[in-house]
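# Summary of structural features
Residue strings, one per chain:
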Amino acid sequence: MKVLAISGSPRKSGNTETVISTMTGILEEKGYDIEFIRLNDFPLQGCQACKYCRTKGDKCLLDDGISDLLEKLKEADRVIIGAPNYMGAVSGQLKIFLDRMYSLKDSNRISRVAKGAKGVLVFAQGHSNRDAYEKSYSSVMKIVESNNIEVTDIIVAHGVEIPGEVRDKNEIMEKAAEASANL
Ligand SMILES: Cc1cc2nc3c(=O)[nH]c(=O)nc-3n(C[C@H](O)[C@H](O)[C@H](O)COP(=O)(O)O)c2cc1C
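None of these values were measured; they are calculated from a predicted model. (Residues numbered from 1 in each chain as written. Predicted model: local features only at pLDDT ≥ 70, side-chain atom pairs only at ≥ 80, totals over all residues.)

## Quick notes on the site of the ligand
Inspection of the region around the ligand gives 17 residues, with Gly14, Thr16, Pro84, Gly126 and His127 positioned closest. Secondary structure elements with two or more residues in the shell around the ligand: α1 (15–29) and β3 (78–86). Here the shell around the ligand gets three residues from one element, more than from any other, and that element is β3. The residue makeup of the shell around the ligand, split by class, is six nonpolar, nine polar and two charged. (Near = placed C-beta within 6 Å. Helix = DSSP H or I, 4+ residues; strand = E, 2+ residues; numbered from the N terminus. Nonpolar A, V, L, I, M, F, W, Y, C, P; charged D, E, K, R; others polar.)

## A closer look at the environment of glycine 57
Of note, glycine 57 is situated in the loop between α2 (52–55) and α3 (65–75). C-alpha of glycine 57 to C-alpha of serine 107: the two residues are 50 residues apart in sequence and 9.9 Å apart in space.

## A word on unusual backbone geometry
Even without glycine at this site, alanine 49 takes up a positive phi of about 55 degrees. Its location among the elements puts alanine 49 in the loop between β2 (33–38) and α2.

## Notes on the nonpolar core
In terms of nonpolar packing, the biggest core is built from 45 residues, with Ile80, Ile155 and Ala157 touching the most fellow members. Among the elements that line this core, the one with the most residues is strand β5 (residues 117–124), at six residues. Excluding anything up to four places from it in sequence, isoleucine 80 contacts Val3, Ala5, Ile6, Ile20, Met23, Gly119, Val120 and Val122. (Core = buried A, V, L, I, M, F, W, Y, C linked by C-beta atoms within 7 Å. Buried ≥ 20, exposed ≤ 12 C-beta atoms within 10 Å, placed from the backbone. Contact = placed C-beta atoms within 7 Å.)

In structure tokens, the structure reads:
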């Protein structure tokens, strides 16, 4: 099983990455093949709205690492996508990637992602109410699911500010372990 894990956090040992790396560790033990990507490591260029992907070609016209990553997404069996909450929404790093996912669909809005993939979404937020940003997270889920990736779990690391402090939140870490088992 090819697993593509994508983090939209700039903090290497932050809460988003702590949850994602716990999950990928479990999946690695199951024998899955893991590729971890930190979006912040790329020069991030947003969608240029040229619509090449929907009119002339079958992929994004931009020649960069995000286009390469989108090609990998088309072939992944399992996907983990995570981001911190910034200003009530996902980080800009992930938002750019989500916009670029526009290029995954053809002129009939049919996704080019291979059917059968499963995925988990991971969000980290300072707010202690898990459901405070539900609308924002479910909009990410819609984008992912409209691309043939069944979202089996959404992990919200809530009430976390200090990098990695989610490790001490047993309930959240147990949910992350369960989500890995379901993948
Ligand atoms: C620019 C910025 C904006 C933030 N805005 C919010 C917010 O609106 N709501 C919230 O609950 N937490 C907010 N936070 C807190 C982060 O979501 C929280 O620290 C989270 O654990 C960061 O994830 P990370 O550790 O993976 O980087 C913000 C943090 C930053 C740096």
